[in-house]
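Overview (structure and organization)
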Amino acid sequence: MTVELICVGTELLLGNTVNTNAAFLSEQCAMLGLSMYYQSVVGDNPGRLEGLLQAAKGRSDIIILSGGLGPTQDDLTKETAAAVMGKKLVEDSKAREGIQQFMAKRGREITENNWKQAMVPEGCKVLYNPNGTAPGIIIEDGDTCMVLLPGPPNELIPMFEEQVYPYLHNLQPEVICSRMVKLCGIGESAAETEILDLIEGQQNPTVAPYAKTGEVHLRITAKAESEDAAYALIGPMEEELQRRFGSLVYTDDPQVTLEMAIAKLLEGRQLTVTTAESCTGGLLAGRLINVPGISSYFKEGHITYSNEAKEKILGVSHDTLERYGAVSAQTAEEMAKGGARAAGADICVAITGIAGPEGGTEEKPVGLVYISCWCKGRILTQKNLYTGSRSKIREYSVASALTLLRQAILEEGNTQDSQ
């Protein structure tokens, strides 16, 4: 079955409100096995909305609308949808009672326009809303089904999960499930080359690579009659990806970030870390500090933008800076060693480079970045040359630094295991 999504609200068109409902509903429809070919955003204009609904009615089995169910004059989604489906509006006594109770609990005065929300298309399924005053609505007419949902996410999400998802699941018994295998330390082209045979021969499940900043995510997707059956299809493919990419895989949990995976490694090996940053100016420390509980393992972060700071705080020798320059492998390594010593940490990751847009030379162009990781006496150093804006160069530098940090921790663990 095909589904179409229409989000209503001038505030969405103007960018005043971020349309998080579209992402949520798209993902849920994919899980239900529904094919979505069209998404639209339309302002609070009944004429344009009517035209869009007429077009959607001619090409999609299910039309999901969000927004425009409020009490004000510009909230016209319900009225327009009812007209397109040939339904008149009637008052629903349970919806009216729900509005009265909701307002009374919050000590709010009920104005006359609030009762507008108790009017529903005749013969529809009413989705009562314990989290707000606007009920949701399902209108069925022949082969077309319209699902109207309130705009606020704290109302839309529970209404969809508790009432709409089961309804749609009955219409479309097959489900689509996905699992994400996340890689670091490999580019998209190289990752795709490794699994080209799987991509070319895929049927159910399928696998597709997605490039992220400094990472590659491989999405495995399967369709089946139930979630358990879909994940049973996904399992062998995931095992094959784990076999091919080995330690480059850092998680298969969509909620886990690279810094979260690193924090888990630090905890498991009881290691502490600090950072020494020049061109990234604290972005690396910020990524690590995003992780709750990291204070047990993250000691401190140093931002040593000037040469004087590199010498004073990290102990980089004046001779090294004079001979090789601030952007060099030698300086990066001394930053890493000095940062670990200054913080009393097991590990220090250091970054120094030229983020631009100015400051580059033929010998050392904009985008040249050195990253060094000192880990309990062992050191890994990496030379990178990035392209793009200043912010992009800094983002890629941080992503590479996290990957190098993870590599150093894994190698330290392997060294301990072999002893």
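Below: a short report on this structure. Residue indices begin from 1 for each chain and proceed along its sequence in written order. Confidence filtering applies because this is a predicted model: local features only for residues at pLDDT of at least 70, side-chain atom pairs given and counted only at 80 or more, and all residues used for totals across whole chains, interfaces and linings. Only hydrogens and water are set aside when side-chain values are computed; all heavy atoms of the structure are taken into account.

1. As for the overall build of the protein chain
- Here a strand is any run of E in DSSP of at least two residues, a helix any run of H or I of at least four, and the numbering for each starts at the N terminus. In terms of regular secondary structure, the protein chain is built from 15 helices and 17 strands.
- Its C-alpha atoms give the protein chain a radius of gyration of 28 Å, more than 25% over the compact-globule value 22 Å for 419 residues.
- For the protein chain, the spread of C-alpha atoms along the principal axes amounts to about 85 × 50 × 40 Å.
- Classification of residues uses two cut-offs on accessible area relative to the type maximum, computed with a 1.4 Å probe and protein chains only: under 20% is buried, over 50% is exposed, and between them is partly exposed. The buried share of the protein chain, reckoned over its 419 residues, is 47%.
- We get accessible surface area from the Shrake-Rupley algorithm with a probe of 1.4 Å; when it comes to residues, only the shown protein chains can shield them. Carbon and sulfur atoms form 48% of the exposed surface of the protein chain, whose accessible area is close to 19900 Å².
- Counted charges follow a simple rule, with Lys and Arg positive, Asp and Glu negative, and His plus the chain ends left uncounted. Charge positions come from single atoms, namely NZ of Lys, CZ of Arg, CG of Asp or CD of Glu. Across the protein chain, the 37 positively charged side chains and the 54 negatively charged ones have centroids separated by 3 Å. The reference for a compact globule is 2.2 Å times residues^0.38; the radius of gyration itself is calculated from the C-alpha atoms.

2. Quick look at the pairing of strand β15 (residues 347-353)
- A large share of β15 lies buried, amounting to seven of its seven residues.
- Here β15 shows no split at all, with I347, V349, I351 and G353 on one side and C348, A350 and T352 on the other all buried.
- Should DSSP find at least two bridges between two strands, the strands are regarded as paired. Sheet topology places β15 next to strand β16 (residues 368-375); seven bridges connect them, and they run antiparallel. Note that in β16 the partner of V349 across the bridge is C373.

3. Observations concerning helix α4 (residues 77-84)
- Along α4, six of the eight residues are buried, which leaves the element largely enclosed by surrounding structure.
- Among all positions in α4, only T77, K78, T80, A81, A82 and V84 are buried.
- G86 occupies a position one or two residues after α4 and carries a positive phi of about 70°.

4. Describing the packing of aromatic side chains
- Stacked, tilted and edge-to-face are the three classes applied to pairs of Phe, Tyr and Trp rings, where Trp contributes its six-membered ring and a pair requires centres within 6.5 Å; stacked means planes under 30 degrees apart, edge-to-face means over 60, and tilted covers the rest. Scanning all chains against the criterion turns up three aromatic pairs.
- Aromatic side chains F24 and F160 sit 5.8 Å apart centroid to centroid with 80° between the ring planes, which places their arrangement in the edge-to-face category. One end of the pair, F24, is in helix α2 (residues 20-31); the other, F160, is in helix α6 (residues 153-171), with 136 residues separating them in the sequence.
- The class for F160 is buried, based on a relative accessible area of 0%.
- The rule is short: NZ of Lys or CZ of Arg within 6 Å of the ring centre and within 35 degrees of the ring normal puts a charge over the ring. For the cation-ring pair, R106 lies above F102, with the distance from its terminal atom to the ring centre recorded as 3.7 Å.
- Above the ring of Y210, the side-chain terminus of R219 is found at 5.9 Å from the ring centroid.

5. Focus: the pairing of β16
- Where burial is concerned, most of β16 is hidden: seven out of the eight residues are buried.
- One ladder, built from eight bridges, connects β16 with strand β17 (residues 378-385); its direction is antiparallel. Residue pairing across strands places Y370 opposite K383, the latter belonging to β17.
- Linking β16 to β17, which pair antiparallel, is a turn of two residues; within it K376 sits at a positive phi near 50°.

6. Focus: the pattern of salt bridges
- Any carboxyl oxygen of Asp or Glu within 4 Å of a side-chain nitrogen of Lys or Arg constitutes a salt bridge here. In total, this model carries 12 salt bridges according to the counting rule given.
- In this structure, the salt-bridge partner of E79 is K116, at a minimum N-O distance of 3.4 Å. Placement of E79 in helix α4 and of K116 in the loop between α5 (93-105) and β5 (119-121) is noted, with a sequence separation of 37 residues between them.
- The class for K116 is partly exposed, based on a relative accessible area of 22%.
- A salt bridge links R287 to E259; the nearest nitrogen and oxygen atoms lie 2.8 Å apart. Here R287, found in helix α11 (residues 283-289), pairs with E259, found in helix α10 (residues 258-269); they are 28 residues apart in sequence, far enough to count as distant.
- Salt bridges sharing common partners tie together D197, E240, R243 and R244.

7. A short note on unusual backbone geometry
- At the junction of N204 and P205, the peptide bond is cis and its omega measures out at 15° in the coordinates.
- For P205, the position within the fold is in the loop between α8 (196-200) and β10 (206-212).
- Of note, the amide linkage connecting G356 to P357 takes the cis form, showing an omega dihedral of 5°.
- Here P357 shows up in the loop between β15 and β16.
- If you check the backbone angles, Q270 has positive phi at about 55° while not being a glycine.
- On the secondary structure map, Q270 appears in the loop between α10 and β13 (273-277).
- Its relative accessible area of 56% is what places Q270 among the exposed residues.

8. Quick look at the environment of A342
- Mapped onto the fold, A342 is located in helix α14 (residues 329-343).
- When the C-alpha atoms of A342 and T403 are compared, they prove to be 23 Å apart, with 61 residues separating the residues in sequence.

9. So, the state of the cysteines
- For the purposes of this analysis, a disulfide is any pair of cysteine sulfur atoms at a distance within 2.5 Å. Summed over the entire model, instances satisfying the criterion amount to zero disulfides.
- Note on C184: no disulfide assigned, nearest cysteine sulfur contributed by C373 at a separation of 13 Å.
- Owing to a relative accessible area of 2%, C184 belongs among the buried residues under this scheme.
- The thiol of C279 is not disulfide-bonded; the next cysteine sulfur, from C348, is found 14 Å away.
- Since its relative accessible area comes to 3%, C279 is described here as buried.

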